[in-house]
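# Summary of the model geometry
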Amino acid sequence: MTLSPAVEASPSPKGARSLVWTVLRQPQGAVGALMLALVAVVALIGPLVAPHDIRTVVGIPLAHPSHAARLGTDVLGRDVLSRVLNGGLTLLAVAISATLLAYLVGACWGMAVSLRSSALDVVSIGVVDVLLSLPPLVIGLVLLAGAGSGNVTIALALAVIQAPRVFRIVRAASREVAAQDFVEAATARGDSMWSVVRRDILANIWTPMLTDFGLRVTSSVILFSSLSFLGLGAPPPSPDWGQMISENQIGIVTQPWGVVVPVVLIAVLSVGTNLLTDTFSRTMNNGAVGGGR
Amino acid sequence: MAPEPGSSSATVMDVRALEVVTRTGRPIIEDVALTLRRGEVLAVVGESGSGKTTTALALLGATRGGARISRGQVDIGGRDIAALREAQQRALRGRVISYVPQDPSTQLNPAHRIGRQLGEALALVDRDDEASQQELLTRVNLPGEAAFLRRYPFELSGGQQQRVAIAMALAASPEIIVLDEPTTGLDVTTQQRIIQLVRELADAGEAGFVYISHDLALVSEVADRVAVMFRGKVIETGTVREVLGAPKHPFTRILAASAPGPHGVNIVANEVGEAVDVEASDGPAEAWTALRVEALPPRMPVADPVGVLEVRGLAVSYARGRRARNVLADVNLTIAARECVGLVGESGSGKSTLGRTIAGLVAPTAGSLTWAGHELAAQVRRRQREQVRGIQLVYQNPDRSLNPRETGFEAIARAVRSFDPKVGAAARTDRVHAAADRVRLPRHLLGRRPTELSGGEKQRVAIARALVALPELLICDEVTSALDVSTQATIIQLLRELSDEGLAILYITHDLGAVRSLAHRIAVLNQGEICEVGPCEDVLDRPQDPYTAELIASTPLMRV
């Protein structure tokens, strides 16, 4: 028996490639990708090309840009450019790994609850509501005060803050899908929970999830920066953009670059992530890929 | 049948050469011409995708999703609504022409009481007081009480909601009311009362009605004149008698013939007698002159029935304690091997619940299920694999029962893997193809996702997914109710073939015409209790129970 061509073609790899292509062809998607790439290049390549050591004092504090320090010096006389180039990697790594961890916990929990017992659902919602009623910075503050500062602790704290939010989004989205007959049919047939989650639930909710992921990374970046700004970030002298804003704000009138450059980079990262994930989810919803009519 | 409209009645709407195009300029409807007089009901009939709803909205000067009115006039109250600006169109809507959408639950705001919603409609003519609201309710045969005005939409039945929606449309005494499939989704007795209401309102000269429907039999009961739409064009117009009695266009003939009546289903067949899915056939309309319409003969009870499924004293109730609501009470039913049993009743009678209980998706509060001599566990998870495989359920709406992200092939292959995890990829493909062939789903459609398939094709995928488990009993829960009439007939034909091949079927439906052409025996369910069981012909032609008789009387007939 021969396969018809439509069945023979395995849709996934080709579909994924053409999805990326479709997204990048849209102006919004292209701009978002470009902005993200810019920040990624700064964060990844930056440490290799930084002209000075992050600790070395290269001039008087809050000096204007000069030949030795292209973006001037910070409040302690260190090179702003070098600190900017070194400050991105930690921020990105912490924000992304925290969000991934939050998704791992929150999404699994949300989907499990939407498919299984109502008792667990009621308890989970109660717990999550309590967690959500606490201001995120307070949670971060308490956790970091208790466990001591450090990048791993910050990532964990951010995950604790984000996980209940992820849970709410994923639970709401997957409940809608779980109520459909095809989920009941699969469960009645005796398909494993993992198979139902993967093929029925995840396949139908990953567009809103992707958009939310983008927003969450952004908010993790901002939270991390805020914690650093409050002095709860990684201990000095290791630089990160949030900490730089905090340190250099006193000199903002005389030497603005120590604040402006990290602020702009964080903004570019946030806007770029949102533009890109939005374009992704819109494209997938329109069925522009994977054979819409 | 209403009297022929007198020539004295004034024309309230005149549509000429109306064309609506998509954003890309492709016409959705072309050259549509309609006229409507006061006190008249004009039915616009056609299958899904024929442009009925686009036409209905265009009468209000509205379009959907980037489409626009590109040509033609819609003269209403002496003005061409299509040529007016949005603000001027809005001034006409409600006052001169109003619209009742298909699903009243989406039109009524769930957060507001009925009185407030009627008040908003009445505010158009500055009559927003409680007395006017009550008067409006009595006009649609609802209790004009203050208590009723204080209810919320969810406290009303579907029929009552539709009456409220019609009352809102009547509020500003418009000349034209457009009803878009107003009874789709309501059960037959409720439907009967709604069309009576429309007829009464028209006869009282309240307005002219445009009645959009896919149901020719229903239309023959309510309308004065009929316009048949096909692929964006009006192919035939005339009085009900002219169009349905002597249809000129081959499509009208097919539509008229495939409408199920209580005397059974007709199928549209080609020269060699194969059922043809009109919805899916892409040929030119002229090709259909070659098609024939064949009646499916009724079936005799199976000889030597051997009970395969026995339902004894089954009771189901939702919620517990004082708020318990009995859905099924003391249901006894036997389905024999190779037998097709039709289970009929109104919505809310518990017929779907019975099907789902047998499938193990609803836990009964009392009673027992026996399958091939062994007791069946209440929950499908507790049943043996062999039992789960043996009883398969096909759902009403394929849009909900098929995963939008899975192709037909993937959906069916998944079911193969569920029941036969060890089967190899090649053998699995063979079984998927065999199942597709069995439901006559062309193999090249297997690579498509549900959104790229027609309603009938989707339902075939869903049936194939159930059949690939090789069940002994197939439970079909209203499997044709979401489909066009011509497609319904082909699905019924398919089920009948499967039944002839020896599959036992429990066919759950509210459609008495379909059940006559398919079932050996019929069980009638009334408010959770079986009031009558017997051979198909006996129950439908000589009903013993008054409820059965009422159900049969409410089914729209093609009256020509």
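Residues numbered from 1 in each chain as written. Chains lettered and ligands numbered in written order. Predicted model: local features only at pLDDT ≥ 70, side-chain atom pairs only at ≥ 80, totals over all residues. Heavy atoms only, no water.

Attention now moves to the overall build of chain A. A tally of helices and strands in chain A yields 11 helices and 0 strands. Written out in order from the N terminus, the α and β elements of chain A read α-α-α-α-α-α-α-α-α-α-α. Taking the principal axes of the C-alpha coordinates as reference, chain A spans close to 75 × 45 × 30 Å. Taking all 293 residues of chain A together, the buried fraction comes to 46%. Sequence separation of 24 or more characterises 73% of the internal contacts of chain A that already satisfy a separation of 6 or more. Carbon together with sulfur atoms contributes 71% to the accessible area of chain A, which is approximately 13,700 Å² in total. (Helix = DSSP H or I, 4+ residues; strand = E, 2+ residues; numbered from the N terminus. Buried < 20%, exposed > 50% of the residue type's maximum accessible area, 1.4 Å probe, protein only. Contact = heavy atoms within 4.5 Å. Areas by Shrake-Rupley, 256 points an atom, 1.4 Å probe, with all protein chains shown as cover.)

Residue and element names in this part refer to chain A. Using the criterion set out here, one finds 3 aromatic pairs over all chains in the structure. Judged by centre distance (4.3 Å) and plane angle (35 degrees), the ring pair of Trp109 and Phe167 falls under tilted. Of this pair, Trp109 sits in helix H4 (residues 80-115) while Phe167 is found in helix H7 (residues 151-178), placing the two residues 58 residues apart along the sequence. According to the relative accessible area criterion, Trp109 is partly exposed, its value standing at 27%. Note on Phe167: relative accessible area 0%, which makes it buried. (Phe/Tyr/Trp six-rings, centres within 6.5 Å; stacked < 30°, edge-to-face > 60°.)

Across the boundary between the two partners, chain B contributes 32 residues, which contact 30 residues of chain A. Between chain B and chain A, a total of about 2,600 Å² is buried, with carbon and sulfur atoms accounting for 45% of that surface. Together, Arg400, Arg405 and Arg414 of chain B form the three largest contributors to the area buried by chain B at its contact with chain A, with a combined 27%. At the surface where chain B touches chain A, the tally comes to 4 salt bridges. Here Asp200 of chain A makes a salt bridge to Arg414 of chain B, at a shortest N to O gap of 2.8 Å. Among the secondary structure elements, those contributing two or more residues to the side of chain B that touches chain A are helix H13 (385-390), helix H14 (398-401), helix H15 (408-419) and helix H16 (425-438) of chain B. Per-element tally for the side of chain B that touches chain A: the top contributor is H15 of chain B, with 7 residues. Each residue belonging to the side of chain B that touches chain A can be placed in one class, and the counts come to 10 nonpolar, 8 polar and 14 charged. (Buried area = accessible area lost by both parts, 1.4 Å probe. Salt bridge = Lys/Arg side-chain N within 4 Å of Asp/Glu carboxyl O. Nonpolar A, V, L, I, M, F, W, Y, C, P; charged D, E, K, R; others polar.)

With that settled, consider the domain arrangement of chain B. Residue and element names in this part refer to chain B. Taken domain by domain, chain B comprises domain 1 (1-96 + 176-248), domain 2 (105-173) and domain 3 (307-397 + 471-554). One C-alpha centre belongs to domain 1, the other to domain 3; they are set 37 Å apart. If you look at the interface, domain 1 gives 7 residues, while domain 3 gives 8 residues. Summed over both sides, the interface of domain 1 with domain 3 buries roughly 890 Å², with 44% coming from carbon and sulfur. In this structure, the connection of domain 1 to domain 3 is made through 0 salt bridges. (Domains from an automatic or database assignment.)

On to the sheet that holds strand S16 (residues 366-371) of chain B. Residue and element names in this part refer to chain B. What the 4 strands build is an open sheet, ordered S14-S13-S16-S17; its pairing is antiparallel. Since the sheet does not close on itself, it has two edges, and those belong to strand S14 (325-336) and strand S17 (374-375), each with one partner. In this sheet, S17 lies alongside S16 in antiparallel orientation, the contact comprising 2 bridges. Bridging across to S17, Thr370 finds its partner in Glu375. Of the strands in this sheet, strand S13 (307-318), S14 and S16 touch helix H12 (residues 351-358), which is tilted by about 120 degrees from S13. (Pairing = 2+ DSSP bridges. Axes fitted to C-alpha atoms, helices over the stretch in contact; angles between N-to-C directions.)

Looking now at helix H8 (residues 181-189) of chain A. Residue and element names in this part refer to chain A. Most of H8 is tucked away: 8 of the 9 residues are buried. The complete set of buried residues in H8 reads Asp181, Phe182, Val183, Glu184, Ala185, Ala186, Ala188 and Arg189. Of the residues one or two after H8, Gly190 is the one with positive phi, at around 95 degrees.

Another point: helix H18 (residues 485-500) of chain B. All names here are of chain B. A rise of 1.5 Å per residue sets the reference length of H18, with its 16 residues, at 22 Å; its end C-alpha atoms lie 23 Å apart and thus fit the reference within 8%. Here H18 lies mainly inside the structure; 14 of its 16 residues are buried. One or two residues past the end of H18 sits Gly502, with phi positive at roughly 115 degrees. (Expected span 1.5 Å × (residues − 1).)

Attention now goes to the packing of H7 of chain A against helix H9 (residues 193-229) of chain A. Residues and elements named next belong to chain A. Relative orientation of the contacting elements H7 and H9 amounts to 150 degrees, with a least axis distance of 9 Å. One way to sum up the angle between H7 and H9 is to call them roughly antiparallel. With respect to the hand of their crossing, H7 and H9 are arranged in right-handed fashion. Split into classes, the residues belonging to the contact of H7 with H9 amount to 15 nonpolar, 6 polar and 4 charged. (Parallel < 35°, antiparallel > 145°, perpendicular 65-115°, else oblique. Left-handed = near helix turned anticlockwise from the far one by under 90°.)

This brings us to a negative patch on the surface. Residues and elements named next belong to chain B. A grouping of Asp126, Asp128, Asp129 and Glu130 is seen on the molecular surface, where their side chains present a negatively charged patch. Examined against the element boundaries, Asp126 turns out to sit in the loop between helix H4 (114-122) and helix H5 (130-139). On the basis of relative accessible area, Asp126 is assigned to the exposed category, the value being 71%. (Patch = residues over 30% accessible without salt bridge, like charges linked within 9 Å, V, L, I, M, F, W, Y side chains within 5 Å. Lys, Arg positive; Asp, Glu negative; His and termini not counted. Charge placed at Lys NZ, Arg CZ, Asp CG, Glu CD.)

Its location among the elements puts Thr218 of chain A in helix H9. In this structure, Thr218 of chain A is in contact with Ser270, Thr273 and Asn274 of chain A, ignoring residues within four places of it in sequence.

If a probe the size of a water molecule is rolled over the atoms, the empty space left behind becomes visible. Per the counting criterion, the structure on display carries 3 cavities of 30 Å³ or more. By volume, the largest cavity amounts to about 220 Å³. At the level of secondary structure, the elements contributing two or more residues to the lining of the largest cavity comprise H8 of chain A together with H13, strand S18 (391-394) and helix H17 (455-467) of chain B. Per-class residue counts for the lining of the largest cavity are 12 nonpolar, 2 polar and 3 charged. One number sums up the size of the second largest cavity: a volume of about 40 Å³. What lines the second largest cavity is simply Leu402, Asn403, Glu406, Thr407, Gly408, Ala411, Arg448, Arg449, Pro450, Leu453 and Val461 of chain B. Among the residues forming the lining of the second largest cavity, the class breakdown is 5 nonpolar, 3 polar and 3 charged. (1 Å grid on protein atoms, 1.4 Å probe; cavity = no way out; pocket = protein on both sides within 12 Å on 5 of 7 lines; lining within 4 Å. Points joined across faces, edges and corners; volume = space filled by probe spheres on them.)

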